[in-house]
Amino acid sequence: MASDRILDILCPMHLTVDATGQIRHVGPTLAKLRIGDPLVGKRLLDVFDLHRPQGVGMMSDLLAIAGRKLQLRFREPPHTSLKAVLVADETGGAILNLSFGISVVDSVRDYHLTNADFAPTDLTVEMLYLVEAKSAAMQASRLLNERLQGARMAAEEQAFTDTLTGLKNRRAMDHVLSRLLATDQAVSVMHLDLDYFKQVNDQHGHAAGDHVLKQVAQRMLEVTRENDTVVRFGGDEFLLIFPQLTDNEKLSQLAQRLNERIERPVAFADNICRVSGSVGIAMHDGLTPKSAEQIITDADDALYRSKRKGRACYSFHGQTGHDKRTA
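The paragraphs below set out a description of the structure included in this document. (Residues numbered from 1 in each chain as written. Predicted model: local features only at pLDDT ≥ 70, side-chain atom pairs only at ≥ 80, totals over all residues. Heavy atoms only, no water.)

Here we look at the overall build of the protein chain
Inference 1: Each helix and strand in the protein chain was counted, giving 11 helices and 14 strands.
Inference 2: In terms of C-alpha radius of gyration, the protein chain reaches 40 Å, well past the compact-globule figure of 20 Å for 327 residues.
Inference 3: Projected onto the principal axes, the alpha-carbon positions of the protein chain cover approximately 115 × 50 × 30 Å.
Inference 4: Across the 327 residues that make up the protein chain, the buried fraction comes to 42%.
Inference 5: Taking the contacts inside the protein chain whose residues are at least 6 apart along the sequence as the reference set, 54% of them involve residues at least 24 apart.
Inference 6: Here the protein chain displays about 18,000 Å² of accessible surface, and carbon together with sulfur accounts for 53% of that area.
Inference 7: Computed over 39 positive and 42 negative side-chain charges, the separation of the two mean positions in the protein chain equals 3 Å. (Helix = DSSP H or I, 4+ residues; strand = E, 2+ residues; numbered from the N terminus. Rg over C-alpha atoms; globule rule 2.2 N^0.38 Å. Buried < 20%, exposed > 50% of the residue type's maximum accessible area, 1.4 Å probe, protein only. Contact = heavy atoms within 4.5 Å. Areas by Shrake-Rupley, 256 points an atom, 1.4 Å probe, with all protein chains shown as cover. Lys, Arg positive; Asp, Glu negative; His and termini not counted. Charge placed at Lys NZ, Arg CZ, Asp CG, Glu CD.)

Laid out in structure tokens, this is it:
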């Protein structure tokens, strides 16, 4: 019928029923929702479950509520919810125009609909463009935020990193120690100074010295734990921070292992470079308030006692014992 073709263009989500409630024509978009299950010939109320208004069981009941907004959904899955309005025709049947309502975005995705499936003047098309534009803008914003966050994290990491060795720098050291002391954690600090490093620079040049510093940094990382912090304190000095480690014997063993690694010869070009480490150790039990500056000063004092007593040895702050080793 000519009227069906007109409705297919103006209302592609419509259907028509005869006086008995049997579906006789379905608009192209509505038909697309039930591909492989033609609706024509079926009873309207067998296809749809009418939620509002309730109590509708016959065609006469539907005609009695013509012009009112209806809420219904398919009885067979997928149970897409729809809104509709019914208008009686001159044959005793009716025309039912349906829409997706607020579920349109999900329905477009689920049924692979395009703008061609809606009437040219349907505001749904414009809304879908707005939704798509908003989604694209949100995606772009999310990607930008991720890049900015990544750049910020990279900048923060760079700000806390010694550029030569890749170890933490003094700024990172201040942050780590302050956090540990603020939470009253026990902590030990080793201040390590390289012996014979000046000779390496004098005899083989600063490039050799830089190479030695990188090798020493890597060896210290290999000896320490994952939650320990190794800091290049400046020049050929390093600071090692050990959370929850204040046992003399374990710290002594750790100092010896560190020096054993550091003393291994370092090859550079055609030369062999040799250094050792003098170590000062300070401990904080977490019970008595103490500043980061004081702990570092205590470790520094112990380091200079090691230097005075001989190279390649370690000393504890406030204790007379030390372990002298030959470099």
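Side note on the pattern of salt bridges
Oppositely charged side chains are able to pair whenever their charged atoms sit close together.
Inference 1: What the rule picks out here adds up to 12 salt bridges.
Inference 2: Here Asp-37 makes a salt bridge to Lys-42, at a shortest N to O gap of 2.5 Å.
Inference 3: Judged by its relative accessible area of 28%, Asp-37 falls in the partly exposed class.
Inference 4: According to the relative accessible area criterion, Lys-42 is partly exposed, its value standing at 31%.
Inference 5: In this structure, Asp-193 and Lys-307 form a salt bridge, with 2.6 Å as the shortest nitrogen-oxygen distance. Here the residue Asp-193 occupies a position in strand 7 (residues 187-195), and Lys-307 occupies one in helix 11 (residues 292-309), the gap between them amounting to 114 residues.
Inference 6: With relative accessibility at 11%, the residue Asp-193 sits in the buried group. (Salt bridge = Lys/Arg side-chain N within 4 Å of Asp/Glu carboxyl O.)

Describing helix 10 (residues 248-262)
Inference 1: Here helix 10 spans 21 Å end to end across 15 residues, near enough to the 21 Å set by a 1.5 Å rise per residue.
Inference 2: You can read the cap of helix 10 off the contacts: a side-chain oxygen lies 3.1 Å from the backbone nitrogen of Glu-249, and it is on Asp-247. (Expected span 1.5 Å × (residues − 1). Polar contact = N/O pair within 3.5 Å; in protein donor to acceptor, adjacent residues only side chain to side chain.)

Some thoughts on the packing of aromatic side chains
The way to describe two aromatic rings as a pair is by their centre distance and the angle between their planes.
Inference 1: Using the criterion set out here, one finds 3 aromatic pairs in the structure.
Inference 2: Both rings, one in Phe-100 and one in Phe-118, keep their centres 6.5 Å apart while their planes meet at 65 degrees; by these two values the pair is edge-to-face. Placement of Phe-100 in the loop between strand 6 (94-99) and helix 5 (104-111) and of Phe-118 in the loop between helix 5 and helix 6 (123-159) is noted, with a sequence separation of 18 residues between them.
Inference 3: Residue placement shows Arg-170 over the ring face of Phe-233; its charged tip is 4.1 Å from the ring centre.
Inference 4: Its guanidinium or amino end placed over the ring of Tyr-196, Arg-311 lies 5.0 Å from that ring's centre, counting from NZ or CZ. (Phe/Tyr/Trp six-rings, centres within 6.5 Å; stacked < 30°, edge-to-face > 60°. Lys NZ or Arg CZ within 6 Å of the ring centre and 35° of its normal.)

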